[in-house]
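Spelled out from the first residue to the last, the chains are:
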Amino acid sequence: MNDMTPTREQRTAALEGMGCKRKRVEDIRFTQGKGNYVDDVKLPGMLHGDFVRSPHPHARVKKIDDSEALKVPGVLAVITAETLKTVNLAWMPTLAGDVQMVLADGKVLFQNQEVAFVVATDRYAADDGINKVVVEYEPLPPLIDPFKSMDADAPVLREDLAGKTSGAHGPRKHHNHIFEWTVGDKELTDAAFKKAEVTIKEMISYHRTHPSPLETCQCVCSFDKIKGELTIYGTFQAPHVIRTVVSLIAKLPEQKIHVIAPDIGGGFGNKVGAYPGYICAAVASIVTGKPVKWVEDRIENLTATSFARDYHMTTEIAATKDGKVTGLRVHVLADHGAFDACADPSKWPAGFFNIVTGSYDFPTAHLAVDGVYTNKAPGGVAYRCSFRVTEAAYCIERAMDILAQKLNMDPAELRLKNFIKSEQFPYHSALGWEYDSGDYHTAMRKMMETTGYAALRKEQAEKRAAFARGETREIMGLGVSFFTEIVGAGPSKNCDILGIAMFDSCEIRMHPTGAGIARMGTKSQGQGHETTWAQIIATEIGIPADNIQVEEGNTDTAPYGLGTYGSRSTPVAGAAIAMAARKIKAKAQMIAAYKLEVHEDDLEWDIDGFRVKGLPEKFMSMKDICWAAYNSVPPGMEPGLEAVSYYDPPNMTYPFGAYLCVMDIDVDTGVYKVRRFYALDDCGTRINPMIIEGQVHGGLTEAFAIAMGQEIRYDETGNVVTGSFMDFFMPTAVETPHWETDFTVTPSPHHPIGAKGVGESPNVGGVPAFSNAVNDAFSFLGSTHIQMPHDYWRNWKAAKELGAVA
Ligand code: MCN
Ligand code: CUM
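Along each chain, residues carry numbers from 1 onward, in the same order as the chain's sequence is written. Chains carry letters from A onward and ligands carry numbers from 1 onward, assigned in written order. Local features in this predicted model are restricted to residues of pLDDT 70 or higher, and side-chain atom pairs are both shown and tallied only at a pLDDT of 80 or more, whereas totals for entire chains, interfaces and linings draw on every residue. Excluding hydrogens and water, the side-chain values take into account all heavy atoms of the structure.

Asks: Which parts of the structure should I look at to understand the site of ligand 1?
Replies: Any residue with at least one heavy atom within 4 Å of a molecule or strand is counted as near it. In the vicinity of ligand 1, 34 residues are found, and the nearest of them are Gly267, His529, Thr570, Gln695 and Val758. Pairs of N or O atoms are called polar contacts if they sit within 3.5 Å, as long as, within protein, a hydrogen donor faces a hydrogen acceptor (for residues adjacent in sequence, only side-chain-to-side-chain pairs). Within the backbone of Gly759, one N or O atom sits 2.8 Å away from an oxygen atom of ligand 1. Under the convention used here, a 1.4 Å probe and the Shrake-Rupley method define accessible areas, while residue burial counts only the protein chains that appear. The fraction of the free accessible surface of ligand 1 (830 Å²) that becomes covered by protein chains is 96%. Only runs of H or I of at least four residues qualify as helices and only runs of E of at least two qualify as strands under DSSP, and these elements are numbered from the N terminus. Looking at the shell around ligand 1, the elements that each hand over two or more residues are helix H13 (529-541), helix H14 (569-596) and helix H16 (689-708). The class makeup of the residues in the shell around ligand 1 is ten nonpolar, 19 polar and five charged. Boundary definitions for the domains trace back to an automatic or database domain assignment. Taken domain by domain, the makeup of the shell around ligand 1 includes at least three residues from each of domain 1 (8-35 + 504-647) and domain 3 (386-487 + 653-801). Residue polarity is assigned by list, with Asp, Glu, Lys and Arg as charged and Ala, Val, Leu, Ile, Met, Phe, Trp, Tyr, Cys and Pro as nonpolar; anything else, Gly included, falls into the polar class.

Written as structure tokens, this is what we have:
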């Protein structure tokens, strides 16, 4: 060997494989303004559509007069429910088994509901046209408070469901009831509460909020009459699902539908569902024969397109005097708005909310969720939470703090006492999940040591004493949160979307020169898939990540996949990538054996190629094997080097983390300062530590926003009062605190590379950490639970109600 031969370390580093802080390859175009978003799609003759929307939350639509609108220069068509009925598209199915109006059909059920679609030669003309459409409404009483939705005299919202005593998820108890979902052993749980030495009960609300990606939802639909083909460019987190749904509802052959999701400017769950804009743009294109673009504005996005949360969780814990939990009982009132358009796997009306036992060894638990209709926008999308996991984590983490307070125990100690122990994994939870792996005690203790938790508690005690003596007006809170997530939907045994199993896929095609292209059924919205997927392949097959092109988002070229949400890409597609790479490697090994004239079993893998065991100089690099695959494969073997894998995961993955928020609040103004925020995440094997850190920063920032102010609020007459960024809290770098990140590594035992998802963890764990910090700050003044969001005004109000402010 001469001096030029690279060392093993150099060869490994050259791959930029798993574990490497590889720089994001997509940022080269994003940071230079060269991304290609839906709004960059400009087709010849393209028209623009825009919606007439309802000012009323609940009203009968008596008449729609479009005659003046059609006189506006540039306006070509006004589409209403009547138009849509001619193609059977006035209503569309939702992912949750309900139906939803595409355009108001006789009635409107929420403010800003889509009433008519104006198509024009440009966006301005469409907007002028909207203002000329005259709609005659007869207002009806609005139903805004979900707690009143099932009153005997509550207004009937869904006349289309009149007389239907059951829905997609079983019996309905009332005309505004959607479903009741129960899990767990009620008798055992009730018995645990009867025997309990200590119990707590609290109604914990997780308010309505919104994912509000910077790029709103949008599409361009282009129907080719000659070929009978429909091409849809759109902001889709799940392009293949959109293709299948469009095929089913528009009755177009699936091979004639081409769905393309170009670069996406943030999704956060908002871009999973199918919205009226997509249907109207498609119908408009079919009607006019021209491409039609629909781009939502901010107010439309915030007020009409898929809210998140709105869960009201009455939570009870039973425990012994010394703080061992013995039972959990939760009732959720879920406000779904006017239509049940939740984006969850089909069999899960409340998503995976039954992860609500959290990180604790509850011997028994019972959960009941009632979904109800109100005059609010439909949705119930996740928003950086895998299917109601943020709600569940908030519920249990807040409740554990309330129990600690009642027992006069430290919240961290109470958690340590009740954690599932590492030797209990795989762990079967009382509400039916099998947690794959975890080491909670190690993570929690690392958090406590790194942050100096004990010293912080001491400081808090001193500050409280000083407050009592009147020496300071500042109170200090420590927000502990320990979450367990459930991501990677999902195993075909219990996860499907409209009957399609939730597998995911990868196809890898190696080229002769030792480069290749990989295509997946997932779709990045900013998560850096082009960077990280290539890293998995680099480590698996020894080809530098830079030589692997990653492509997502084109349903004509990508293998069928269920898309990117629920932090499922790493758990599901990440596994498919490793499995496809291993198929490539298996064929490569046969080729290498043939070329090196040995038996396959005499070869061993060595970073970037195969070596003959015991003969270190007999080596064939993967790059050379790629070349050989195209000119000298063993007799009888097909040439070429490519593979595809469809991966049906055997289980979900269960990432976890220990977070701590240190906060100071001025009682006279309610102004808070996040002094410190520490986040320890365990997502198993880490593919790209830098991208993980970026994901954690982003998720924590959203958690901060939600806990501390972000809210979709309706007044009692059904007006959305937070429908723009003037009122909807969107933190910038100015407000955002500094984040300290840390990690432990507990691989998933069933995932080919041991990786768990991470994209949503910081939001799941972050919200309770902030809220617990505020609640912990106020607890010594006698409060048990203060509802989110904790903005300055509400903090001040809490201080006043607790007598801390005159
Ligand atoms: N990763 C890693 N090692 C792991 C786990 C993940 O390096 N053990 C990397 C992955 O390779 C990927 C990223 O972290 O590049 C996120 O992976 P994963 O946790 O699998 O999540 P998904 O790719 O499925 O992304 C979905 C998740 C969700 S559901 C929301 S909501 C959210 C989030 O990602 N939306 C985002 N993060 C976002 N980040 C941006 N910039 N924009 C969004 O819209
Ligand atoms: Cu949980 S919001 Mo994401 O599923 O796209």
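Asks: I tried to follow the coordination of the copper atom of ligand 2 on my own but got confused; where do I start?
Replies: Think of it this way: four donors in a tetrahedron around the metal ideally sit 109.5 degrees apart, and six in an octahedron ideally sit 90 or 180 degrees apart. Bound to the copper atom of ligand 2 on the protein side are Cys385 (N), Cys385 (O) and Glu760 (OE), at distances that span 2.1 to 2.7 Å. Of this pair, Cys385 sits in the loop between strand E20 (379-381) and helix H9 (389-407) while Glu760 sits in the loop between strand E35 (740-743) and helix H17 (761-779), placing them 375 residues apart in sequence. This pair shows no difference in class: Cys385 is buried, exactly as Glu760 is. Here a donor is any nitrogen, oxygen or sulfur atom (N, O, S) within 2.8 Å of the metal, with 3.2 Å used for Na, K and Ca; water is not among the atoms considered, so some sites may look incomplete. Categorising residues by exposure relies on relative accessible area from a 1.4 Å probe, with only protein chains included: less than 20% of the type maximum marks a residue as buried, more than 50% marks it as exposed, and the intermediate range marks it as partly exposed.

Asks: Just checking my understanding: could you explain the side chain of Ser524 for this structure?
Replies: Position of Ser524 relative to the elements: it lies in the loop between strand E27 (516-520) and H13. Residue classification places Ser524 among the buried positions, given a relative accessible area of 12%. A distance of 3.3 Å separates a polar atom in the side chain of Ser524 from the backbone nitrogen of Gly528. Residue contacts are defined here by distance: any two heavy atoms, one from each residue, within 4.5 Å place the two residues in contact. What Ser524 contacts, discounting residues up to four positions off in sequence, is Ile264, His529, Glu552 and Thr564.

Asks: Please explain the site of ligand 2 as it appears in this structure.
Replies: In the neighbourhood of ligand 2, the contacting residues comprise Gln237, Phe268, Gly269, Ala382, Tyr383, Arg384, Cys385, Ser386, Tyr565, Gly566 and Glu760. Within the backbone of Gly566, a nitrogen or oxygen atom sits 2.5 Å from an oxygen atom of ligand 2. In this structure, Glu760 approaches ligand 2 through a side-chain N or O atom, which is 3.0 Å from an oxygen atom. When grouped by side-chain class, the residues that make up the shell around ligand 2 number five nonpolar, four polar and two charged.

Asks: Please clarify how the environment of Ile517 should be interpreted in this entry.
Replies: Its place among the elements puts Ile517 in strand E27. Note on Ile517: relative accessible area 12%, which makes it buried. If near-sequence neighbours (up to four positions away) are discounted, Ile517 is found in contact with Glu507, Ile508, Arg509, His511, Gln549 and Glu551.

Asks: Before we go on, may I ask you to explain the sheet that holds strand E31 (residues 615-621) in this structure?
Replies: Strand pairing in a sheet relies on backbone hydrogen bonds. The paired strands run either parallel or antiparallel. With antiparallel pairing, the three strands of this open sheet are ordered in space as E29-E30-E31. Bordering the open sheet on either side are strand E29 (603-605) and E31, each of which pairs with just one other strand. Adjacent strand axes in the sheet meet at a mean angle of 35°, parallel and antiparallel pairs treated alike. Paired strands, in this sense, are two strands between which DSSP finds at least two bridges. Pairing geometry for E29 and strand E30 (residues 609-612), over three bridges, is antiparallel. Angles shown run from 0 to 180 degrees and are taken between the N-to-C directions of axes, each axis being a line fitted to C-alpha atoms and, for helices, limited to the stretch in contact.

Asks: Got a minute to help me understand the packing of helix H10 (residues 411-418) against helix H11 (residues 440-451) in this structure?
Replies: Two measures define how a pair of helices packs: the angle their axes make with one another and the distance between the axes. Running from amino to carboxyl end, H10 crosses H11 at an angle of 160°, the nearest separation of the two axes being 10 Å. Viewed along their axes, H10 and H11 adopt a mutual orientation that is roughly antiparallel. When the axes of H10 and H11 are compared, the crossing they make is left-handed. Residues Ala412, Glu413, Arg415 and Leu416 of H10 pack against His441, Met444, Arg445 and Met448 of H11. Tallied by class, the residues present in the contact of H10 with H11 amount to four nonpolar, one polar and three charged. By the definition adopted for this analysis, an angle is roughly parallel if under 35 degrees, roughly antiparallel if over 145, roughly perpendicular if from 65 to 115, and oblique otherwise. Less than a right angle of anticlockwise turn of the near helix away from the far helix marks a crossing as left-handed, whereas a clockwise turn marks it as right-handed.

Asks: Mind showing me how you'd approach H16 here?
Replies: In an α-helix, one turn spans 3.6 residues; hence positions three or four apart end up facing the same way. Helix length check: H16, at 20 residues, gives a terminal C-alpha distance of 28 Å against a target of 28 Å (1.5 Å per residue), a fit within 8%. By the criterion of burial, H16 is predominantly enclosed, with 15 of the 20 residues buried. Two or three places before Met690, at the opening of H16, Asn688 has a side-chain oxygen 2.9 Å from that residue's backbone nitrogen. Expected helix span is given by 1.5 Å per residue-to-residue step, counting one fewer step than there are residues.

Asks: Would you mind going over the packing of aromatic side chains with me for this structure?
Replies: Any two aromatic rings considered together are summarised by their centre-to-centre distance and by the angle between their planes. Aromatic pairs are defined between Phe, Tyr and Trp rings, using the six-membered ring for Trp, whenever the two ring centres lie within 6.5 Å; interplanar angles under 30 degrees are classed as stacked, those over 60 as edge-to-face, and all others as tilted. Counting across every chain of the model gives 38 aromatic pairs. On the basis of an interplanar angle of 20° and a centroid distance of 5.0 Å, the ring pair of Tyr435 and Tyr654 is categorised as stacked. Linking Tyr435 in strand E22 (residues 434-435) with Tyr654 in the loop between strand E32 (641-647) and strand E33 (656-666), this pair joins segments that are 219 residues apart in sequence. Using a relative accessible area of 0% as the deciding quantity, one classes Tyr654 as buried. Aromatic rings pair up to connect Phe483, Tyr659, Tyr672, Phe677, Phe704, Phe729, Trp739, Phe770 and Tyr792 into one cluster.

Asks: What is the right way to read the environment of His174 from this model?
Replies: Among the structural elements, His174 can be located in the loop between strand E10 (170-171) and strand E11 (177-184). Counting along the chain gives 467 residues from His174 to Leu641, while the straight-line C-alpha distance between them is 59 Å. Beyond its immediate stretch of four places on either side in the chain, His174 contacts Ser149, Met150, Asp151, Ala152 and Ala154. From its side chain, His174 meets the backbone nitrogen of Asn176 in a polar contact 2.9 Å long.

Asks: How do you make sense of the sheet that holds strand E15 (residues 257-260) when you look at a structure like this?
Replies: If you trace the seven strands from one edge of the open sheet to the other, you get E3-E7-E1-E16-E13-E14-E15, paired in mixed fashion. The two strands at the open ends of the sheet, each matched to only one other strand, are strand E3 (75-79) and E15. Strand after strand, the sheet turns through a mean of 20° between neighbouring axes, direction not considered. As paired strands, strand E13 (residues 218-224) and strand E16 (residues 292-295) are joined by four bridges and run antiparallel to one another. When the bridges of E16 are listed, Gln218 appears paired with Val295. Across the sheet, helix H4 (residues 123-132) lies against strand E1 (47-53), E3, strand E7 (114-120) and E16, angled at about 25° from E1, the strand it touches most. Where helix H6 (residues 239-250) meets the sheet, its contacts fall on strand E14 (229-234) and E15, and the angle it forms with E15 comes to roughly 150°.

Asks: Would you take a moment to explain the pairing of E31 for this structure?
Replies: Consecutive residues of a regular strand have side chains that alternate between opposite faces of the sheet. Bridge analysis of E30 against E31 gives four bridges, and the strand direction is antiparallel. Paired with Arg611 across the bridge in E31 is Phe619. Counting the residues in the hairpin turn of E30 and E31 gives two residues, including Gly614, whose phi is positive at 80°.

Asks: Help me understand the nonpolar core in this model?
Replies: Looking at soluble globular proteins, one finds that nonpolar side chains tend to be buried together. Think of a nonpolar core as a cluster: buried Ala, Val, Leu, Ile, Met, Phe, Trp, Tyr and Cys residues, connected wherever their side-chain atoms sit within 4.5 Å. Ranked by internal contacts, the top residues of the largest apolar core, which has 183 residues, are Phe353 and Phe770. In terms of residues, this core owes the most to one element, H9, which gives twelve residues. Excluding residues within four positions of it along the chain, Phe353 makes contact with Tyr311, Met313, Val330, Val332, Leu367, Phe387, Arg388, Glu391, Ala392 and Cys395. Counting 46 residues, the second largest nonpolar core, distinct from the first, contains Val550, Ala592, Leu603 and Cys626.

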